[in-house]
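# Structure at a glance
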Amino acid sequence: MPSLPSRRYARNHVWAELDGDSVVVGLSARALDQLGEVTDFALRVQPGDELGPGQCFAVLESAKAEIELFTPLSGAVVRVHEGLDLAPATISEDCYGEGWMIALQPPDLSEFAALLDAEAYSELLKTAASCE
């Protein structure tokens, strides 16, 4: 398999990033710009849970909306970011760093490879902006 970019994106604005043999998941800056300041966050999974692509893993509340977050790929939950429920603003402040939410152990990287790379995600955002 050719080398993959370490971070990829789902069309629902959830990002996935390779971290050793796991994939860390969070919400993109674009989604957070649309949602405003995160005011509440609740995980719906725990380590050991098996998730398929598109399953709800958390609920996020912001100044503008309450949304469910869905996994961009399948895998076993190997880590959850404990404490985001106590400091949900961390998601808004550092969405690609300390604002990560869960880490999955995918059965293989085919679903990760099928996600959008940064260039394709940027094109998706441009297309969406032109439709607004």
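Quick note: structure is the one above.
Residues numbered from 1 in each chain as written. Predicted model: local features only at pLDDT ≥ 70, side-chain atom pairs only at ≥ 80, totals over all residues. Heavy atoms only, no water.

### Description of the overall build of the protein
- In terms of regular secondary structure, the protein is built from four helices and nine strands.
- Secondary structure elements of the protein, listed N to C terminal, follow the sequence β-β-β-α-β-β-β-β-β-α-β-α-α.
- In terms of overall dimensions, the protein is globule-like: its C-alpha atoms have a radius of gyration of 14 Å, near the 14 Å expected for 132 residues.
- Across its three principal axes, the protein shows a C-alpha extent of roughly 40 × 40 × 20 Å. (Helix = DSSP H or I, 4+ residues; strand = E, 2+ residues; numbered from the N terminus. Rg over C-alpha atoms; globule rule 2.2 N^0.38 Å.)

### Quick look at the sheet that holds strand β2 (residues 14-19)
- Strand order in the open sheet formed by six strands is β1-β2-β3-β9-β8-β5, with antiparallel pairing between adjacent strands. The two strands at the open ends of the sheet, each matched to only one other strand, are β1 (7-9) and β5 (50-51).
- Inspection of the sheet shows strand β3 (residues 22-27) paired to strand β9 (residues 102-105) by three bridges, in the antiparallel sense. For Val25, the partnering residue across the bridge sits in β9 and is Ile102. (Pairing = 2+ DSSP bridges.)

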